[in-house]
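So the chains spell out like this:
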Amino acid sequence: MSQDSKVKTTESSPSAPSKPRKRLPVLDPSGDYYYWWLNTMVFPVMYNLIIVVCRACFPDLQHSYLVAWFVLDYTSDLLYLLDIGVRFHTGFLEQGILVVDKGMIASRYVRTWSFLLDLASLVPTDAAYVRLGPHIPTLRLNRFLRVPRLFEAFDRTETRTAYPNAFRIAKLMLYIFVVIHWNSCLYFALSRYLGFGRDAWVYPDPAQPGFERLRRQYLYSFYFSTLILTTVGDTPLPAREEEYLFMVGDFLLAVMGFATIMGSMSSVIYNMNTADAAFYPDHALVKKYMKLQRVNRRLERRVIDWYQHLQINKKMTNEVAILQHLPERLRAEVAVSVHLSTLSRVQIFQNCEASLLEELVLKLQPQTYSPGEYVCRKGDIGREMYIIREGQLAVVADDGVTQYAVLGAGLYFGEISIINIKGNMSGNRRTANIKSLGYSDLFCLSKEDLREVLSEYPQAQAVMEEKGREILLKMNKLDVNAEAAEIALQEATESRLKGLDQQLDDLQTKFARLLAELESSALKIAYRIERLEWQTREWPMPEDMAEADDEAEPGEGTSKNGEEKAGQEGPSSI
């Protein structure tokens, strides 16, 4: 084969399919990747906020580490540039749906103030280094315009962290540090402008031993600035107008800072107290009530110990109130993830529908019992069942000492009393005394809540009744004859009800027919009367009746005139 044919063959062969280009994903603003990127942006923003001002006011710091500053400066600029790219790939919500169209994202971003600030923060002002020299870091002050990203990162962290109050305090301390740091840098710069050592207020002369070191210069300035802003300790009196102005400005800043700190700390303390009140019951009101009612010391001690146990061991008794603001479906999912494993251990609830168990989980009420406290006594009416979450309970005799059995975590009791099972020999009465040996955490499910849920699941109700019947048979507490009698009575009652319903339907049908016949007869009578009226209008009037009418008309007029005259004469005669 010739070379030309080889070339033709090569050209005629189909081209290899090109690999699709990988497109950068769109970030969810509430997702993890976006959150960690915000945390990454904290470092370049904080670097520019702290270091640039320090380099501008402390010349020795700028001159000593010039190469390191260049590396850090342009590394932060690179992160700033990448942050703009991230902005162009961060979706937004429109009508609750995440928009992932990059054209719409870019169009929305460039119309915001954030885009203008981001661009302004990357203006290469440090290009003036070529003309003015590399020792003027104030040319990079436009990098401060990226501070909103710092605030956004703090807000996201505050909502995600498990300790928001501690984070608020740490954030407040960081703000205080930045303010004092900036003030100390300005103090040193003002001292350099006025002349070191010119008076007692400015920074001492660096010619003195120890004051020429960079660390000493910064620490002295930071200490002096802290004294001014906290108004703690004696500071030298200012001697010049510039010094007076600086002190006045610092005092005003200190007043505002003090108010901010007090407000922030009050907010943190209030949030902590509110959280405690939401999670744990308020014992102050109960203690005051017991004092006013003069409850005996032993019972009061038991109540206080119960509250103390809840507080120390972080036990919650009002989960419903805590989760009440969540949507119903989300609240059900949270409750299922926490309590479903406990509820599924109960024998009568096994193999039930998942939706039924979710409804029942929302009805569980946590309860905590103290040592020696009775959960139920023999003969009590059973209105709820209990599931042991933690702790131990004993089945005791009437003397309260003899123990027949010990119930541990995962066991349950009282489930038969909340289901109306025909032939139950014990009825709804408790058959044993149950006493808590230590502090016991139980879940309580009331009969009313179970009945409300089962009204929507009749098939599940039949299955649960059958399981309860099997349990009673094993315990020899099911009267079969009584059960058959109740079933027969129920069937007879249902049959009678059906007969009454049928009779009622028949009566309603007859009544409807009678009503229809009455309406038809009324229409017929009205039609006949109308026809008679039209017929009587055409009849001729008899002559004697016409003459009587003519004679009656003048008489009526005379009588009317007489009545009017009598009416006029009457008052005058009186």
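Right above here is the structure, for reference.
Structure report, in brief. Just so it is clear, the structure is predicted and the values come from calculations on it, not from any experiment.

## Brief notes about the pairing of strand S7 (residues 403–407)
Item 1. Both strand S6 (residues 393–396) and S7 contribute to a ladder of 4 bridges, which runs antiparallel. Opposite Val-395, over in S7, you have Ala-405 as the bridge partner.
Item 2. Connecting S6 to the next strand, S7, in antiparallel fashion are 6 residues, including Gly-400 with a positive phi near 80°.

## Some points on the sheet that holds strand S4 (residues 374–376)
Item 1. Taken together, 4 strands build an open sheet; the order of strands is S4-S9-S6-S7 and the sheet is antiparallel. Only two strands of the sheet have a single partner each, and these edge strands are S4 and S7. Between one strand axis and the next, the sheet turns by 30° as a mean value, whatever way the strands run.
Item 2. Where S4 lies against strand S9 (residues 433–436), 2 bridges are found, and the strand directions are antiparallel. Looking at the pairing, Tyr-374 lines up with Lys-435 of S9.

## A closer look at the side chain of Arg-149
Item 1. Its place among the elements puts Arg-149 in helix H8 (residues 147–160).
Item 2. Judged by relative accessible area, Arg-149 falls into the buried class, the value being 1%.
Item 3. Leave out the neighbours within four places in its chain, and Arg-149 touches Tyr-34, Trp-37, Leu-38, Asp-83 and Arg-87.

## Quick look at the sheet that holds strand S8 (residues 412–413)
Item 1. Read across the open sheet, the 4 strands follow the order S3-S10-S5-S8; overall the sheet is antiparallel. With one partner strand each, in any of the chains shown, strand S3 (365–369) and S8 form the two edges of the open sheet.

## Structural notes on the packing of helix H15 (residues 328–343) against helix H16 (residues 354–363)
Item 1. Running from amino to carboxyl end, H15 crosses H16 at an angle of 90°, the nearest separation of the two axes being 8 Å. With respect to each other, H15 and H16 are oriented roughly perpendicular. Contacts from Arg-329, Arg-331, Ala-332, Ala-335, Val-336, His-339, Leu-340 and Leu-343 of H15 reach H16 at Leu-357, Glu-358, Leu-360, Val-361 and Leu-362.
Item 2. Across the contact of H15 with H16, the residue classes tally to 9 nonpolar, 1 polar and 3 charged.

## As for the pattern of salt bridges
Item 1. Applying the stated rule across the entire model yields 21 salt bridges.
Item 2. In this structure, Asp-83 engages Arg-149 in a salt bridge whose closest nitrogen and oxygen atoms are separated by 2.7 Å. In this pair, Asp-83 is assigned in helix H4 (residues 66–88) and Arg-149 in helix H8, connecting sequence segments 66 residues apart.
Item 3. Arg-149 is paired through a salt bridge with Glu-152; the nearest N and O atoms lie 3.1 Å apart. Of this pair, Arg-149 and Glu-152 both sit in helix H8, separated by 3 residues, roughly a single helical turn.
Item 4. Within the structure, one salt-bridge network assembled from shared partners comprises Asp-83, Arg-87, Asp-118, Arg-146, Arg-149, Glu-152 and Arg-156.

## Focus on helix H10 (residues 214–230)
Item 1. Spanning 17 residues, H10 covers 24 Å between terminal C-alpha atoms, matching the ideal 24 Å at 1.5 Å per step.
Item 2. Within H10, burial applies to Gln-217, Ser-221, Phe-222, Phe-224, Ser-225, Leu-227, Ile-228 and Leu-229.
Item 3. Thr-231 lies just past H10 and shows a positive phi near 50°.

## Side note on H16
Item 1. Along H16, the positions that sit buried rather than exposed are Leu-356, Leu-357, Leu-360 and Val-361. Taken down its axis, H16 places every buried residue within 140° of arc, on the same side.
Item 2. Taken together, the buried residues of H16 touch H15, strand S10 (440–446), helix H17 (447–454) and helix H18 (458–474).

Cut-off values and rules
- Just so you know, the residues in each chain are numbered from 1, in the order the chain's sequence is written.
- Since the coordinates come from a predicted model, pLDDT governs what is reported: local features require at least 70, and pairs of side-chain atoms require 80 or more to be given and counted, while whole-chain, interface and lining totals use all residues.
- Remark: hydrogens and water are excluded; side-chain values derive from all non-hydrogen atoms of the structure.
- DSSP calls a pair of strands paired once it identifies at least 2 bridges connecting them.
- Strands are runs of DSSP state E lasting at least 2 residues, helices are runs of H or I lasting at least 4, and numbering of each runs from the N terminus.
- Working convention: axes come from line fits to C-alpha atoms, limited for helices to the stretch in contact. Angles between N-to-C directions cover 0 to 180 degrees.
- Relative accessibility under 20% of the residue-type maximum defines a buried residue, over 50% an exposed one, and the middle range a partly exposed one, all with a 1.4 Å probe and only protein chains included.
- Residues are treated as being in contact if the distance between any of their heavy atoms lies within 4.5 Å.
- For classification purposes, an angle smaller than 35 degrees is called roughly parallel, one larger than 145 roughly antiparallel, one from 65 to 115 roughly perpendicular, and anything else oblique.
- Ten residues, namely Ala, Val, Leu, Ile, Met, Phe, Trp, Tyr, Cys and Pro, are considered nonpolar, four, namely Asp, Glu, Lys and Arg, are considered charged, and the remaining ones, Gly among them, are considered polar.
- What counts as a salt bridge is simple: a side-chain nitrogen of Lys or Arg found within 4 Å of a carboxyl oxygen of Asp or Glu.
- A helix is expected to reach a length of 1.5 Å times the quantity of its residues less one.
- The arc in question is the one spanned by the directions pointing from the helix axis to the C-beta atoms.

Everything listed here is a matter of geometry and, on its own, says nothing about what the molecule does.
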